[in-house]
Amino acid sequence: MGFLDRLFGKQTKEEETVTNEKLNIGIILGSTRQGRVSPQVGEWVKGIADKRTDANYEIVDIADFNLPFLGTTDGSEPGIGAWNEKLANLDGFVFIVQEYNHSITGALKNALDFAREAWNNKAAGIVSYGSTGGARAAEHLRGICGELKIADVRTHPTLSLFTDFVNGSEFKPQDLHLDNVNAMLGEVEQWSKALKTVR
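Quick notes on the rules
- Here the residue numbers are simple positions, counted from 1 along each chain's written sequence.
- In view of the model being predicted, local features appear only for residues whose pLDDT reaches at least 70, and side-chain atom pairs are presented and counted only at 80 or more, with totals across whole chains, interfaces and linings using the full set of residues.
- Where side-chain values are given, they derive from all heavy atoms of the structure, hydrogens and water being excluded.
- Here a strand is any run of E in DSSP of at least two residues, a helix any run of H or I of at least four, and the numbering for each starts at the N terminus.
- For a compact globule the rule gives 2.2 Å times the number of residues to the power 0.38, and the radius of gyration it is set against comes from C-alpha atoms.
- Each residue is assigned to one of three classes by its accessible area relative to the maximum for its type, calculated with a 1.4 Å probe on protein chains only: buried under 20%, partly exposed between the two thresholds, exposed over 50%.
- Any pair of residues with heavy atoms lying within 4.5 Å of one another is described as a contacting pair.
- For every accessible area listed, the method is Shrake-Rupley and the probe measures 1.4 Å; residues are considered covered only by the protein chains on display.
- Only four residue types enter the tally: Lys and Arg on the positive side, Asp and Glu on the negative side, with His and both chain ends excluded.
- Taken as the charge centre is NZ of Lys, CZ of Arg, CG of Asp or CD of Glu, depending on the residue.
- Throughout this description, the term nonpolar core refers to a set of buried Ala, Val, Leu, Ile, Met, Phe, Trp, Tyr and Cys residues connected via side-chain atoms within 4.5 Å.
- The span you would expect from a helix comes to 1.5 Å times its residue count less one.
- Here a salt bridge means any side-chain nitrogen of Lys or Arg lying within 4 Å of a carboxyl oxygen belonging to Asp or Glu.
- Strands are treated as partners if at least two bridges between them are detected by DSSP.
- With its strands directed away from the observer, a crossover is right-handed exactly when the path from the first strand over the helix to the second travels clockwise.
- Two aromatic rings from Phe, Tyr or Trp, using only the six-membered ring of Trp, form a pair when their centres are within 6.5 Å; if the ring planes differ by under 30 degrees the pair is stacked, by over 60 it is edge-to-face, and anything between is tilted.

> What is the right way to read the overall build of the chain from this model?
Broken down by element type, the chain carries 7 helices and 8 strands. Against the compact-globule benchmark of 16 Å for 199 residues, the chain has a radius of gyration of 17 Å, which places it among compact chains. Principal-axis analysis of the C-alpha atoms places the extent of the chain at approximately 60 × 45 × 25 Å. Classification of the 199 residues of the chain by burial places 45% in the buried group. For the chain, contacts bridging at least 24 residues in sequence account for 79% of all contacts bridging at least 6. Summed over its atoms, the accessible surface of the chain is roughly 10,300 Å², and 50% of this surface lies on carbon and sulfur atoms. Of the side-chain charges in the chain, 21 are positive and 27 negative, and the distance between the mean point of each set is 3 Å.

Written as structure tokens, this is what we have:
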């Protein structure tokens, strides 16, 4: 391929094949506590995502992998390998993030730390919730994403415990969030497609 073709975006046949394949994007539930509401938020995001056509979306629940705390075992638990394999088969991520003490949950941080290369050169969006929309937790997550070579997108839907939940437990999102979620998903798909050519 010549210099001008590369400059003006003409793709090789191999690059065209990579970028035309349907993306696989995981919606990662960031909480494992009893009574958590992240499954409700995750299913809501998936319902919106499933109306789109450029990617396959699936819920990825870190609770299903029974990850030990990093460094407390010999690392032979089957969930560790299964977690890395699941991440390796995904092209991008949407993190469902709760704010605990101005940051992300210990369970999510532990799950992030249990993989390395499987995160690299992929895109992610963040949907957060809390008393201030989970904004502070999301900003902490962005710093971790940078270290793991995850390209986090700009659009960030924030959900309030006061206006988007009934009694802090039943998820009733306001309609105004729909545009933000779709914009965020569009960015995740674009960046996931682009980064697939890097990998």
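> Before we go on, may I ask you to explain the nonpolar core in this structure?
Across soluble globular proteins, you tend to see nonpolar side chains buried next to one another. One finds I28, W83, F95, L112 and W119 to be the most contacted residues of the largest nonpolar core, which totals 29 residues. When contributions to this core are tallied by element, the ones reaching two or more residues are α4 (78–88), β3 (92–98), α5 (106–113), β4 (122–130) and α6 (135–147). Among the elements that make up this core, the one with the highest residue count is α6 (5 residues). The residues contacting I28, other than those within four sequence positions of it, are V60, I62, W83, L87, F93, V94, F95, I96 and W119.

> So what exactly am I meant to see when it comes to helix α3 (residues 38–49) here?
Owing to its 3.6 residues per turn, the α-helix aligns residues three or four sequence positions apart on the same side. A rise of 1.5 Å per residue sets the reference length of α3, with its 12 residues, at 16 Å; its end C-alpha atoms lie 16 Å apart and thus fit the reference within 8%. Turning to α3, its buried residues are S38, V41, G42, W44, V45, K46, I48 and A49.

> Any chance you could explain the pattern of salt bridges here in plain terms?
Once their charged atoms are close, side chains differing in charge can pair, the charge on each being opposite to the other. Tallied over the entire structure, the rule returns 13 salt bridges. A salt bridge links K109 to D113, with the nearest nitrogen and oxygen atoms 2.7 Å apart. Of this pair, K109 and D113 both sit in helix α5, separated by 4 residues, roughly a single helical turn. By relative accessible area, D113 is classed as partly exposed at 33%. Note that R142 and D152 form a salt bridge whose closest N and O atoms lie 2.5 Å from each other.

> Is there a simple way to think about the pairing of β4 in this case?
When a strand is regular, its side chains alternate between the sheet's two faces. In terms of burial, β4 is a largely internal element, 9 of the 9 residues being buried. Neither face of β4 is exposed, since K122, A124, I126, S128 and G130 on one face and A123, G125, V127 and Y129 on the opposite face are all buried. Examined bridge by bridge, β3 and β4 share 7 bridges and lie parallel to one another. Each residue of the ladder has a partner; that of V97, found in β4, is S128. Between β3 and its parallel partner β4, the chain crosses via α5, and the hand of that crossover is right-handed. Of the strand pairs in this sheet, β4 and strand β5 (residues 150–152) are connected by 3 bridges, and their pairing is parallel. Bridge pairing in β5 links A124 to D152. A crossover links β4 with its parallel partner β5, the connecting element being α6, and its sense is right-handed. In this sheet, strand β6 (residues 158–160) lies alongside β4 in parallel orientation, the contact comprising 3 bridges. Considered in β6, the bridge of S128 is made with T158.

> For this particular structure, what's the right way to read the packing of aromatic side chains?
By convention here, two paired aromatic rings are described through the distance between centres and the angle between planes. Tallied over the full model, the rule gives 8 aromatic pairs. On the basis of an interplanar angle of 80° and a centroid distance of 5.3 Å, the ring pair of W44 and F171 is categorised as edge-to-face. Residue W44 is found in helix α3, and its partner F171 is found in strand β8 (residues 170–171); the two are separated by 127 residues along the sequence. Pair check on accessibility: W44 and F171 agree, each one buried. For the ring pair F65 and W83, a centre distance of 5.2 Å and an interplane angle of 70° mean the geometry is edge-to-face. You can see F65 sitting in the loop between β2 (55–61) and α4 and its partner W83 sitting in helix α4, a full 18 residues away along the chain. This pair shows no difference in class: F65 is buried, exactly as W83 is. Three or more aromatic residues joined by ring pairs form one cluster here, namely F65, W83, F93, F95 and W119.

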